[in-house]
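The chain contents come next:
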2 protein chains.
Amino acid sequence: MSEKEFPLHIPSKYHVSYYQIPIERFFQFGFSVDCVVFGCLENTLKVMLVERGVQPFKGQWALPGDLVYPNEEISTAAERVLRDLTGIQDIPTMEQTKTYGKVDRHPVGRVLTVGHYALVNPDIYNPHASSWADNIHWVDIEELPGLAFDHQEIIEDALEALRTDARKKPIGFDLLPEKFTLNDLQIIYESIFSTKLDKGNFRKRMLNMGLLKALEETQENVAHRPARLYSFDTQSYETLKAKDFSFEI
Amino acid sequence: MSEKEFPLHIPSKYHVSYYQIPIERFFQFGFSVDCVVFGCLENTLKVMLVERGVQPFKGQWALPGDLVYPNEEISTAAERVLRDLTGIQDIPTMEQTKTYGKVDRHPVGRVLTVGHYALVNPDIYNPHASSWADNIHWVDIEELPGLAFDHQEIIEDALEALRTDARKKPIGFDLLPEKFTLNDLQIIYESIFSTKLDKGNFRKRMLNMGLLKALEETQENVAHRPARLYSFDTQSYETLKAKDFSFEI
DNA sequence: GCAAAAGTGTTGTCAGTACACCCATGT
DNA sequence: ACATGGGTGTACTGACAACACTTTTGC
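Thresholds applied
- Residues numbered from 1 in each chain as written.
- Chains lettered and ligands numbered in written order.
- Predicted model: local features only at pLDDT ≥ 70, side-chain atom pairs only at ≥ 80, totals over all residues.
- Heavy atoms only, no water.
- Helix = DSSP H or I, 4+ residues; strand = E, 2+ residues; numbered from the N terminus.
- Buried < 20%, exposed > 50% of the residue type's maximum accessible area, 1.4 Å probe, protein only.
- Contact = heavy atoms within 4.5 Å.
- Polar contact = N/O pair within 3.5 Å; in protein donor to acceptor, adjacent residues only side chain to side chain.
- Salt bridge = Lys/Arg side-chain N within 4 Å of Asp/Glu carboxyl O.
- Near = heavy atom within 4 Å.
- Nonpolar A, V, L, I, M, F, W, Y, C, P; charged D, E, K, R; others polar.
- Phe/Tyr/Trp six-rings, centres within 6.5 Å; stacked < 30°, edge-to-face > 60°.
- Lys NZ or Arg CZ within 6 Å of the ring centre and 35° of its normal.
- Domains from an automatic or database assignment.
- Buried area = accessible area lost by both parts, 1.4 Å probe.
- Disulfide = S-S within 2.5 Å.

Colleague: Sorry, what's going on with the environment of B:Q152 here?
Modeller: Residues and elements named next belong to chain B. Tracing the chain through its elements places Q152 in helix α3 (residues 151-168). A relative accessible area of 35% means that Q152 is categorised as partly exposed. Between the alpha carbons of Q152 and L63 there is a distance of 9.0 Å; along the sequence they are 89 residues apart. Apart from the residues within four sequence positions on either side, Q152 is in contact with L144, P145 and L147. At 2.9 Å, the side chain of Q152 forms a polar contact with the side chain of E156.

Colleague: Sorry if this is basic, but what is going on with the pattern of salt bridges here?
Modeller: It is possible for side chains of opposite charge to pair when their charged atoms get near one another. According to the stated counting rule, one finds 16 salt bridges over all chains in the structure shown. Here A:D66 ties to A:R80 by a salt bridge, and the two come within 2.9 Å at their closest N and O atoms. On the criterion of sequence distance, the pair formed by A:D66 in strand β6 (residues 65-67) and A:R80 in helix α1 (residues 74-86) is long-range, its members being 14 residues apart. For A:D66, a relative accessible area of 12% translates into the label buried. Residue A:R80 is classed as buried on the basis of its relative accessible area of 8%. We note a salt bridge from B:R105 to B:D150, for which the minimum N-O separation is 2.8 Å. Of this pair, B:R105 sits in the loop between β7 (93-100) and β8 (111-119) while B:D150 sits in the loop between β9 (136-140) and α3, and the two are 45 residues apart along the sequence. Summarising the burial analysis for this pair, B:R105 and B:D150 share the class buried. Residues joined in a network through salt bridges with shared partners are A:D66, A:E72 and A:R80.

Colleague: Help me understand the protein's contact with DNA strand C in this model?
Modeller: Around DNA strand C, 18 residues are found, and the nearest of them are A:N201, A:V222, A:P226, B:K199 and B:R228. For DNA strand C, the fraction of protein-proximal atoms (within 4 Å) that sit in sugar or phosphate groups is 53%. Backbone polar atom of A:R225 to a base nitrogen of DNA strand C: 3.3 Å apart, as the coordinates give it. Contributions of two or more residues to the surface near DNA strand C are made by α5 (199-209) of chain A together with α5 (199-209) of chain B. With four residues, α5(B) is the largest single contributor of residues to the surface near DNA strand C. Per-class residue counts for the surface near DNA strand C are five nonpolar, five polar and eight charged.

Colleague: Would you mind showing me how to read the packing of aromatic side chains here?
Modeller: Each aromatic ring pair is summarised here by two numbers: the centre-to-centre distance and the angle between the ring planes. Applying the stated criterion across every chain yields a total of 16 aromatic pairs over all chains. Taken together, a centroid distance of 4.5 Å and an interplanar angle of 35 degrees make the contact between A:F173 and A:F232 tilted. Linking A:F173 in the loop between α3 (151-168) and α4 (182-193) with A:F232 in strand β11 (residues 228-232), this pair joins segments that are 59 residues apart in sequence. Site record: aromatic cluster; members linked through ring pairs are A:F173, A:F180, A:F232 and A:Y237. Taking NZ or CZ as reference, B:R167 lies 4.4 Å from the ring centre of B:F193, over its face.

Colleague: It is not clear to me how the protein's contact with DNA strand D should be interpreted in this structure. Could you clarify?
Modeller: In the neighbourhood of DNA strand D, 19 residues make up the surrounding shell, with A:K199, A:K204, A:H224, A:R228 and B:R225 lying closest. Among atoms of DNA strand D positioned within 4 Å of the protein, sugar and phosphate together represent 51%. Within the side chain of A:K199, one N or O atom sits 2.8 Å away from a base nitrogen of DNA strand D. The contact in question runs from a sugar or linking oxygen of DNA strand D to an N or O atom on the side chain of A:R203, over 3.3 Å. Of all the secondary structure elements, the ones that give two or more residues to the surface near DNA strand D are α5 of chain A together with α5 of chain B. Per element, the largest residue contribution to the surface near DNA strand D is four residues, and it comes from α5(A). When the residues that make up the surface near DNA strand D are grouped by side-chain class, the tally is six nonpolar, five polar and eight charged.

Colleague: Would you mind showing me how to read the side chain of A:R105 here?
Modeller: All names here are of chain A. Residue R105 is classed as buried on the basis of its relative accessible area, which comes to 8%. A polar contact of 2.8 Å, which involves the side chain of R105, links it to the side chain of D150. When near neighbours in sequence (up to four residues on either side) are disregarded, R105 contacts D34, Y100, V111, L112, T113, F149, D150 and H151.

Colleague: Just to check I follow, could you spell out the domain arrangement of chain A for this structure?
Modeller: Accessible area lost on assembly of the parts is the figure often given for the size of an interface. Residue and element names in this part refer to chain A. When cut into domains, chain A gives domain 1 (30-167) and domain 2 (176-249). Each partner contributes residues to the interface: domain 1 has twelve residues there, and domain 2 has 13 residues. In this assembly, domain 1 packs against domain 2 so that about 1100 Å² is buried in total across both faces, 57% of it on carbon and sulfur atoms. The largest share of the area that domain 1 buries against domain 2 comes from R163, A166 and R167, three residues that together contribute 48% of it. For the pair domain 1 and domain 2, the number of links is three residue pairs in polar contact (both at pLDDT 80 or more). Broken down by secondary-structure element, the contributors of at least two residues to the side of domain 1 that touches domain 2 are β4 (44-51), α2 (122-129) and α3. Sorting elements by how many residues they give to the side of domain 1 that touches domain 2 places α3 first, with four residues. A class-by-class count of the residues in the side of domain 1 that touches domain 2 yields five nonpolar, three polar and four charged.

Colleague: I would appreciate a short explanation of the state of the cysteines in the present structure.
Modeller: A covalent bond between the sulfur atoms of two cysteines is what we call a disulfide. All names here are of chain A. Under the counting rule described, the total for this entry stands at zero disulfides over all chains. Here C35 stays unpaired: no disulfide links it, and the sulfur of C40, its closest cysteine neighbor, is 19 Å away. Taking relative accessible area as the criterion, C40 reaches 13% and is therefore assigned buried.

Set out below in structure tokens:
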């Protein structure tokens, strides 16, 4: 990308009249996006952290994030960050959480950042993590290291947002591969909410909702009765949503 | 406020190395806050709108909002907007909702805005509205006029956030005066969720939660049996919150 | 007395919980 | 055979919805 694509288009057409201050003075903010990427590895909810390759905070652990280009949409920027990191083209879930703008949060100047959370499934993150293996780590949400900027706070808020959303929308499925067992699903929810759930009751609720398509396949090579595999029934979800059905957990 | 308080402090210490673009280029964003102020008038949930006094969109209906000063916190800016408008010093509820940043959302340049919602009660908004009477209106949420910028969308999202929060936190009380009847409270919730609720069941739930202090006072000069007045028991709420009690409606 | 809204009580249903039990597979 | 997790059934309970009823005021 060339410098020409970054014109400095300071506006001058209007003035903020009430204080007699030229409006250019208000156009000196920097602006970034940060992504809290959740994944489920080893039956635990983890967050993707990177080692920063640029100043400030070079070498420290941080969330994947970047400055936004002057002509780039917020959501596009967040998707770009995640795509550059993992190669994912279509991110199933990417939600804005909150915006952080403390005057002194960035040593370079006044930089606001828009927090996001994303959910990725094992089909995706396994192959691609290796290309950046040195500086991408999946970290248990209970064991976060010291982080650059206010990224600790951003993660905490993202986790809260994830928990709220997970009660109302079937986003747990986005953390699973295409085919999964009911136990896989239960583990996801136990991990998100840090609780234990009753097996029988969990199964009944999930199956009664009509969002699962039972496949003919079962697990293989397990030292116990093999579990049936299911997949998320997107079509059924869309029809149910239309009739003011609501996912509740 | 003088111009001196608005220095142009373009940073130059660091460079974004991966594209060889000087970091100054990324510091050309404008940044504002917008407030969706909810109040309950005539037993209906309303939103405060203002007639814009400056360009762009001068003369059109819009949300109260303003550009943020380079050394001002986001929350401070939102409180300032509301204080300038209503004289309120301590806003009981002011929550960030979402950030809007479409490239073309502002005709002057790239301006991001952080949406907020605020709840105000009749004790406050009645006296102060008159000082700006010409250009402040309370509008029924079902009957919004055409609005400047993307303010329609900001209101819709704020209403959704209000509804979500109102189910989990006792914020309905912030829309009421100090002393209120159970029916007043019921009307608030009916208005927020646009539904009808059963009187008996609503009373039972509210009283059982232990968040209401029954006063010795009753209504006066009503053409029916006068209702008992209640106030919100802040102290009880704090103790209950500590024991992982959760408000649910 | 009557209208109007405050305030109380009763009943049935349904969803969630706890928990016990059987089933199929690898070693 | 037995360990392991998959999968099913039952009984209890407590919250909530529906609705009928009594009470207190002004006119």
